[in-house]
Structure formats: C-alpha cells, structure tokens
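# Close look at the chain arrangement
Chain by chain, the residues run as shown.
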Amino acid sequence: MSEQSINDAMTKSPPPNPRVQSMKNFYRKLRKNKAAMVGGVLILFFVIVAIIGPFFAPYEPSVQNHVNKLATPSSEHWFGTDHHGRDIFSRIIHGMSITLYIGLFSVIIGTVFGVLLGLISGYYGKRVDAFIMRCMDVLLAFPGILLALAIVSVLGGSLTNVIIAVGIFSIPVFARIVRGSVLSVRKLEYIDAVRALGASDGRIIFKHILPNILSPIIVQATLRMATAILTASGLSFLGMGAQPPTPEWGAMLSAGRNYMYDAPHVALFPGLAIVIVVLAFNIFGDGLRDALDPKMKN
C-alpha cells in the first residue's frame, strides 16, 4: 500500500453513527413544524416557571387580604386578586408546579402499567390477550372524566387520589397502542431468529420489541399529558381534587365562577393558563407524531 493510500485511510472520516444520524433527522423534521416548536418552547418555559417561579412570586399564594379583595389587574397585582384578596398571578405561578406534577405522575402511572399490559397481551396472545383486553374494554366503556370521578369518589378528594384516578383511566389507551405495535413487531424475522438462539421471553420483550415500539408510546405520553391536566383540573373544578387553599388552577376556576359578572378576571386567568398548557402539549405531541413517523417525507 502506498504512502498516499495510508494517509487517505488515516484522514478518512469514520462512518456516521446511525443513532446520531437518526436524532438529527428527527430534529430536522420536528423543526419544520413551527407549531410543534412553539409548543416545545412553551413547555420548556412552563417547566422553568414551575421550578424557579415560586421563589420569585411577588406574594405568598395563601396570604389573605380582605381589604383588597376582587381588585382588578394593576401594576401591583398583575392579574388582580381573588375573593380573599390573594394575588392571582402568584397563585398561578405556584399552581404551575402542581399542574405539571399531576400531569407527569399520572401519565407515568398510565404508561408503566399500560405498556406492561400491552406487551404481555400482544406477545402471548390467546387467552392472556383476551382477558387483558376485555378488562381494558370495561375501563374504556366509561368516559374518562366519569371514570376518574368515580375513582376519586371512592378514594376521597386529594392530589394523590387525583393522580391515581387519572393514571388508571390512562392505562387502557397505552395498553391498546402497545398491543397493536407488538402484534406487528413480533411477526418479524429477527424476532424468530432471536427466539431460535434461545433468548428468553423477557429478553425478547424488553430488549428487542420494546425499543422498536417506543415512538408511539412517546407520542401518546405527550398527548396524554394534556388530557391528564385537563381531567385533573376538571376534578378540582368539581371539588374532588385539590382542596382549598391549594392554588390549583381548576379549583381557582371553580371559585372564580361565582364572580363572573363582578370580577371576571378571577376566573379568566386560571382558565387561560389551563388552555395554554393543554394547547402546548397537544401541538407539541402532534409535531412529535409527524417527526417520529417513518412514512412522513423528509
């Protein structure tokens, strides 16, 4: 081999990492979706506010000042005050962490149990599949908010019970999505090859099937955050979720409905906060779905 060939071989760049290349393609497709990028930036902003916002809130969220109750928005109180004289802007900032906390952990519960049930149902099939899916059908027979309301009615009204209730009604959605994905993946040749090599069922499920069906799970989890936040706010609005004086947006909206004509700002700003957060997760989830779909054009 000539010296020139050796130099060319040494200076030749290594082949691109497939994982890195895949991430670049994903980000490039996601960046083309302007709405998804706006949703992602908003979600990042909400997370930052939830973490550091309470340290910079101008007032304590539960401190009452009846002399200044139902004050309209001003330079002193940006969003005005409620019927107890509490600063609405500070309460919304403190409520951000509560809202994201409920959404995150309820989705985690639904994802973990739903994915496990979907994997088992799709992989083993037959009677196991029939039993699990009929149980999921029973849960799906109830509208989501009614199922969550029934669960909270049994367990009692609290943030923890709201998370459990929203997580339970999220399980069937993940289970069905995962089951459908597993049914299509388990028929592929490489699964038969791995099984022929003596791999256990657990290894096949978690090492070879699950990594290949993560895309729909991630998309559904993002979209489910919006549903979880909306459902949790609805439960608090009905008095079955966070209890006073917790600055939860649904509870704030419920209290503000009594002053819709005299002081509409009491209900307006918590309602806008719920709408913006839910909208951000929805449009970001739609963008993720488009970016992770291999059928979409580059």
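Residues numbered from 1 in each chain as written. Predicted model: local features only at pLDDT ≥ 70, side-chain atom pairs only at ≥ 80, totals over all residues. Heavy atoms only, no water.

Moving on, we get to the overall build of the protein chain. The helix and strand tally for the protein chain stands at twelve helices and zero strands. Listed by position from the N terminus, the elements making up the protein chain come as α-α-α-α-α-α-α-α-α-α-α-α. Evaluated residue by residue, the protein chain yields a buried proportion of 42% over its 298 residues. Counted over contacts in the protein chain with a minimum sequence separation of 6, partners at least 24 positions apart contribute 72%. When the accessible surface of the protein chain is split by element, carbon and sulfur atoms take 66% of a total near 16,500 Å². (Helix = DSSP H or I, 4+ residues; strand = E, 2+ residues; numbered from the N terminus. Buried < 20%, exposed > 50% of the residue type's maximum accessible area, 1.4 Å probe, protein only. Contact = heavy atoms within 4.5 Å. Areas by Shrake-Rupley, 256 points an atom, 1.4 Å probe, with all protein chains shown as cover.)

Empty pockets left among the atoms are what a rolling probe the size of a water molecule brings to light. As a volume, the second largest pocket reaches approximately 340 Å³. Of all elements in the fold, only α3 (34-56), α4 (88-124) and α12 (265-292) reach the threshold of two or more residues within the lining of the second largest pocket. The element best represented in the lining of the second largest pocket is α3, accounting for six residues. Broken down by class, the residue content of the lining of the second largest pocket amounts to 17 nonpolar, one polar and no charged. (1 Å grid on protein atoms, 1.4 Å probe; cavity = no way out; pocket = protein on both sides within 12 Å on 5 of 7 lines; lining within 4 Å. Points joined across faces, edges and corners; volume = space filled by probe spheres on them. Nonpolar A, V, L, I, M, F, W, Y, C, P; charged D, E, K, R; others polar.)

Helix α7 (residues 159-185) packs onto α4 with a crossing angle of 35 degrees between their chain directions and a minimal axis gap of 5 Å. Read as a crossing pair, α4 and α7 show a hand that is right-handed. The residue inventory of the contact of α4 with α7, partitioned by class, reads 22 nonpolar, nine polar and one charged. (Axes fitted to C-alpha atoms, helices over the stretch in contact; angles between N-to-C directions. Left-handed = near helix turned anticlockwise from the far one by under 90°.)

Once that is clear, we can look at the side chain of Arg86. Relative to the assigned elements, Arg86 resides in the loop between α3 and α4. On the basis of relative accessible area, Arg86 is assigned to the buried category, the value being 7%. Apart from the residues lying within four places of it in its own chain, the contact partners of Arg86 are Pro61, Ser62, Val63, Gln64, Gly80, Thr81, Arg91 and Pro245.

Bringing the UniProt feature "transmembrane region" (unreviewed entry) in the protein chain into the picture now. Mapped onto this numbering, the UniProt entry gives "transmembrane region" (unreviewed entry) at residues 35-57, 98-119, 131-152, 158-178, 223-243 and 263-285. The span residues 131-152 shows a helical share of 86% and a strand share of 0%, and its end C-alpha atoms are spaced 26 Å apart. The distance separating the terminal C-alpha atoms of residues 223-243 is 26 Å; by composition the span is 71% helix and 0% strand. (UniProt positions renumbered as here; feature names shortened; annotations may be inferred.)

A word on the pattern of salt bridges. Inspection of every chain in the model, using the stated rule, returns seven salt bridges. Of the charged contacts in the structure, one is a salt bridge between Asp192 and Arg195, with a shortest N-O distance of 3.1 Å. Remark: Arg195 and Asp192 occur in helix α8 (residues 189-196); sequence separation between them is three residues, near one turn of the helix. A single salt-bridge network, built from bridges that share partners, covers Asp82, Arg86 and Arg91. (Salt bridge = Lys/Arg side-chain N within 4 Å of Asp/Glu carboxyl O.)

Residues Tyr101, Leu104, Phe105, Ile108, Val112, Phe113, Leu116 and Phe206 make up a contiguous nonpolar surface patch of about 730 Å² in total accessible area. With seven residues, the single largest contributor to the nonpolar patch is α4. Following the sequence through the fold, Phe206 ends up in helix α9 (residues 201-209). (Patch = residues over 30% accessible without salt bridge, like charges linked within 9 Å, V, L, I, M, F, W, Y side chains within 5 Å.)

A few words now on the nonpolar core. Counting 48 residues, the largest nonpolar core has Met96, Trp249 and Phe281 as its most contacted members. Listed by contribution, the elements that provide at least two residues to this core are α3, α4, α6 (144-155), α7, α10 (214-237), α11 (249-256) and α12. Considering every element that reaches this core, the biggest residue donor is α12, with eleven residues. Setting aside its immediate chain neighbours within four residues, Met96 contacts Phe46, Val49, Ala50, Trp249 and Val277. (Core = buried A, V, L, I, M, F, W, Y, C linked by side-chain atoms within 4.5 Å.)

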